[in-house]
Amino acid sequence: MSSAKDKPTTVKIGVHMENQPPLLTEFDQTRPLDAIIQSYLANRNMEASSQDYSLQFSGTSEHYVTEKNRHEVRHGTVLNLTHSVSRTCQTILDKLANAGPDEKRALLGRLVRLCLDPAFVEEFISKKGKDYLVQAIERGTIQPEEGLGYALEAFVELMNHGLCSWDSLERQFIESIANSVNHGKTQNPTVLINSLAILESVLMSGTSLHSVVEAQLTLPNLMELVKHNIGNPLIQQNTIALINALLLKSDPPKRRAIAATLGSKQMRNVILENIINATKSTDSSVANVGTEMAHQLYILQTSLINCYEERIQTKASRTINIEAETRERICELVRLAFENDQASILDSTQRSKSIISNSSLKVTNNGKNDYLRLGFTNCKNPTEDFNETPPGIFALDLMTYFARNKTEQYRNVVLENCMRSDREHECPFARTSIEIAKLISEIFKIGEPPSDEGKLFYPMFFHHDHTIEEFFCICVPLLNKTWKEMKATSEDFSKVFSVLRQQLVRALADSDAIQSFTKFEKKTSSLTYSTVMSLWQKERSSREEWENKAQAILELRERIKPTIIDLIKQQRLQYLTEGTRFVKYSNKGQRIKDKFWFCRLSAKFKVLHYGDCDENKFPSIDELTHKLPINDIEQMLVGKECPHMKEGKNKKPTIALAFSLVYDSIKGESLNFVAPNEKDFDYWTDGINALLGREMISSEAKGDLETLLSMEIKLRLLDTEGITIPEVPPKIPEKPSNYDFNVIH
């Protein structure tokens, strides 16, 4: 690899200036920018000072060339010689003060593009440009027809650079923005989109203005925006993002209230009918809502599910009131299960009456028998069964819901197990329900914050106001069915639950099954014990088939291994040439909503081309304005070592997908990535390692190597079918003492 000192210091470029012919010249990286600009001005016989002019990269972004990014100027780059950052800022601010509607709209449109550039933003803020925008928006001196939407968008882009704190905003400004959202039906779409984005950022930044936003907005108003903007998915997306921010940043009581409102049928139907079902493709049952909307629905789903965490972490003996409630509900479970058993009803009724006055649960022999038949582990004091966290009293919540809402099914499950002659084969309802509750909390990662890259949501969860409870109601009969199929005993408890986990996980991975609880239940029913075992066996066979190899096979593997590695390398490089769209992150590792960039490798594997892009666009190499030659890459960093992951509290899933390509370690310059998923992370890091002449070490590379080696060996051994290959090859005879063989004529 080339070192930094081997990089060319002078590159040949083109310099363009308005109303002037292009100038083919050189750009010396060792000279100060002011001196370079002055020489270009002199070449055009202009007597102006270099302080009044700057260089810009050509393209739509209008990024200025600075000392920080001048390394991006390479052979063939075209630069624009234009007015300096300071002069441009002042010109825009001066013109805005007296411009007419059309000119003002054009100026604000240009300001949006310029605010993508950190150099411009820094100068714009120093000239009080941010204060001008805030006051103009707050006082209403920029009307929608004059470009208010552009003004708001420029403000959002300006704040995204992190040079100003959201805490610096005033209450009146936030109220004016919230007012735009509350009158969303009559607002210009651009105004509404950016107003929603501003309020979301205020909430997510954790400022003292949270209460102002919360007081100004109502969920019905926000849902009306979703309902009336089917044709504008960006408004819907930003609205859901704002609702998510309200959920994530509210205190627990307020969060529960918001979740309860969102769980109502009216609210759920708005999301179902106007987002999920409205975007279903005709040839698939999977909703095609777009990457960012899928991410927002995933966050919404996760936030709502996480409302169960408090119950999961609550023990039955936490307080006297909770313990009393637990006992009363246990008695209700007994009553609903054995209501035809008069002795049990009488006994449970008496116990219910004594709950309030007694601090301990005193039961008769009949009571102990009821708890035993229900499957409790501690029949003297069954409340003790709910003191393990997880799942805590969350398990009792689920059991009570099942008993109250699926009473016949509940009774059948309990009585079927009670009536078995062989007690060893009973499937204890209470014990298994507690374990199911724990399994549910693990599968849905209840209590864990949403991942920055997550986008898997379950449409069926928007069909019901008690989603986890309904999921539990599917799990209980499924477990009992599987228990019978396995002819399980109490000793097989963990084995049965390993099968149940597989049934649920495989059904959740089916895009059609997760559309409704009915389809999900049907899918789980089809995944019988024998079906799961068959799938397991096939997967295990493919993994273990070549683990214990004969020596000859091992030697063959080593001989063909380099060829397979080269094949994987070519596949990875081809993948890089096709390119990948990445979500934008700030230098502090914070996800920038709805901002994407694209990177792809050139066809000759020499240069990485990258640049900003829209969510649904796959730009060609010619559309990507920035370049990074592979020879300039000094090293690749991953995870916590990445520059953009060192600051702030980054989430583990995000850190695990981060990697950086360092091309100037002295200046600390690097190209920073956060992969969309683990596969993209593995493919990209493999590809970069291959380009740098290093070993591909990802789990995907290892898996591909094993798969391709196994396939290649199977193909080569087709002619040996039916022939036993010994584990150890036959011993080679010792050399004879001489080679005088008797020849028969």
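Okay, so let's go over this structure. (Residues numbered from 1 in each chain as written. Predicted model: local features only at pLDDT ≥ 70, side-chain atom pairs only at ≥ 80, totals over all residues. Heavy atoms only, no water.)

### A closer look at the overall build of the protein chain
Here is step 1 of the chain: Across its full length, the protein chain carries 29 helices and 11 strands.
Here is step 2 of the chain: Considering only residue pairs separated by 6 or more positions, the protein chain has 65% of its internal contacts joining residues 24 or more positions apart. (Helix = DSSP H or I, 4+ residues; strand = E, 2+ residues; numbered from the N terminus. Contact = heavy atoms within 4.5 Å.)

### What about helix 29 (residues 699-716)?
Here is step 1 of the chain: Here helix 29 contains 18 residues, and its C-alpha end-to-end distance of 26 Å stays within 8% of the 26 Å for a straight helix at 1.5 Å per residue.
Here is step 2 of the chain: For helix 29, the set of buried residues is Ala 701, Leu 705, Leu 709, Ser 710 and Ile 713. Taken end-on, helix 29 shows its buried residues confined to a sector of 160°, consistent with a single buried face. Opposite the buried face of helix 29, at more than 90 degrees from it, the exposed residues are Ser 699 and Leu 715.
Here is step 3 of the chain: Of the surrounding secondary structure, the elements contacted by the buried residues of helix 29 are helix 26 (551-578) and helix 28 (678-691). (Expected span 1.5 Å × (residues − 1). Buried < 20%, exposed > 50% of the residue type's maximum accessible area, 1.4 Å probe, protein only. Arc of directions from axis to C-beta.)

### Here's the deal with the sheet that holds strand 2 (residues 23-28)
Here is step 1 of the chain: Read from one edge to the other, the open sheet built from four strands follows the order 2-1-4-3, with strand pairing classed as mixed. Across the chains shown, the open sheet's two edge strands, defined by having one partner strand only, are strand 2 and strand 3 (53-57). Neighbour-to-neighbour, the strand axes of the sheet open up by a mean angle of 45°, direction not taken into account.
Here is step 2 of the chain: Here strand 1 (residues 10-16) pairs with strand 2 via six bridges, running antiparallel. Across the sheet, residue Ile 13 finds its bridge partner in strand 2, namely Thr 25.
Here is step 3 of the chain: In this fold helix 1 (residues 33-43) packs onto strand 1, strand 2, strand 3 and strand 4 (78-83), with an angle of close to 160° to the strand it touches most, strand 2. (Pairing = 2+ DSSP bridges. Axes fitted to C-alpha atoms, helices over the stretch in contact; angles between N-to-C directions.)

### With respect to helix 3 (residues 101-114)
Within an α-helix, residues lying three or four positions from one another point in the same direction, as the helix has 3.6 residues per turn.
Here is step 1 of the chain: In a regular helix each residue adds 1.5 Å, so 14 residues correspond to 20 Å; helix 3 covers 20 Å between its end C-alpha atoms and thus fits that length.
Here is step 2 of the chain: In this structure, the buried side of helix 3 is in contact with strand 3, helix 2 (85-98), helix 4 (118-126), helix 5 (129-139) and helix 6 (148-160).

### Some remarks on the pairing of strand 10 (residues 658-664)
Here is step 1 of the chain: Most of strand 10 is tucked away, with seven of its seven residues classed as buried.
Here is step 2 of the chain: Across four bridges, the pairing between strand 9 (residues 635-638) and strand 10 is antiparallel. The partner of Leu 637 across the bridge, within strand 10, is Ser 660.
Here is step 3 of the chain: Of the pairings in the sheet, the one linking strand 10 to strand 11 (residues 669-674) comprises six bridges and is antiparallel in character. Counted as the bridge partner of Leu 661 is Leu 671 from strand 11.
Here is step 4 of the chain: Counting the residues in the hairpin turn of strand 10 and strand 11 gives four residues, including Gly 668, whose phi is positive at 70°.

### Side note on the packing of aromatic side chains
Here is step 1 of the chain: In this structure the tally under the stated criterion is 28 aromatic pairs.
Here is step 2 of the chain: Ring centres of Phe 444 and Tyr 458 lie 5.9 Å apart, and the angle between their planes is 80°; on these two criteria the pair is classed as edge-to-face. Residue Phe 444 is located in the loop between helix 21 (429-443) and helix 22 (467-485), and its partner Tyr 458 is located in the loop between helix 21 and helix 22; the two are separated by 14 residues in the primary sequence. Assigned by exposure class, Phe 444 and Tyr 458 land together as buried. (Phe/Tyr/Trp six-rings, centres within 6.5 Å; stacked < 30°, edge-to-face > 60°.)

### So, the pattern of salt bridges
Here is step 1 of the chain: With the rule as written, the count across this model stands at 33 salt bridges.
Here is step 2 of the chain: Salt-bridge contacts for Asp 102 lead to Arg 105; the nearest nitrogen and oxygen are separated by 2.8 Å. Of this pair, Asp 102 and Arg 105 are both found in helix 3, three residues apart, which corresponds to roughly one turn of the helix.
Here is step 3 of the chain: Residue Arg 105 is classed as partly exposed on the basis of its relative accessible area, which comes to 32%.
Here is step 4 of the chain: A salt bridge links Arg 411 to Glu 408, with the shortest nitrogen-to-oxygen separation between them at 2.9 Å. Taken together, the residues Arg 411 and Glu 408, both in helix 20 (residues 407-418) and three residues apart, mark about one turn of the helix.
Here is step 5 of the chain: Among the residues examined, Arg 411 registers a relative accessible area of 8% and is labelled buried.
Here is step 6 of the chain: The network of salt bridges with shared partners includes Arg 311, Glu 325, Arg 329 and Asp 397. (Salt bridge = Lys/Arg side-chain N within 4 Å of Asp/Glu carboxyl O.)

### Here we look at the packing of helix 19 (residues 394-405) against helix 21
Here is step 1 of the chain: As a packed pair, helix 19 and helix 21 sit with axes 9 Å apart at the nearest point and diverge in direction by 115°. As for how helix 19 packs across helix 21, the hand of that crossing is right-handed. Note on element contacts: helix 21 touches helix 19 through Phe 429, Ala 430, Ser 433, Ile 434, Ala 437 and Ile 440, opposite Phe 394, Ala 395, Leu 398, Met 399 and Phe 402.
Here is step 2 of the chain: Split into classes, the residues belonging to the contact of helix 19 with helix 21 amount to 10 nonpolar, one polar and no charged. (Left-handed = near helix turned anticlockwise from the far one by under 90°. Nonpolar A, V, L, I, M, F, W, Y, C, P; charged D, E, K, R; others polar.)

### Looking at unusual backbone geometry
Here is step 1 of the chain: Of the consecutive residues Thr 389 and Pro 390, the connecting peptide bond is found in the cis state with omega at -10°.
Here is step 2 of the chain: Within the fold, Pro 390 resides in the loop between helix 18 (365-374) and helix 19.
Here is step 3 of the chain: Geometrically, the link from Pro 390 to Pro 391 is a cis peptide bond, its omega value of 10° lying close to zero.
Here is step 4 of the chain: Summarising the element assignment, Pro 391 is placed in the loop between helix 18 and helix 19.
Here is step 5 of the chain: The phi dihedral of Lys 487 is positive, around 50°, even though this residue is not glycine.
Here is step 6 of the chain: Structurally, Lys 487 is set in the loop between helix 22 and helix 23 (493-508).
Here is step 7 of the chain: The class for Lys 487 is exposed, based on a relative accessible area of 65%.
Here is step 8 of the chain: Although it is not a glycine, Asp 594 adopts a positive phi angle of roughly 65°.
Here is step 9 of the chain: By the element assignment, Asp 594 lies in strand 6 (residues 591-601).
Here is step 10 of the chain: Residue classification places Asp 594 among the partly exposed residues on the basis of a relative accessible area of 24%.

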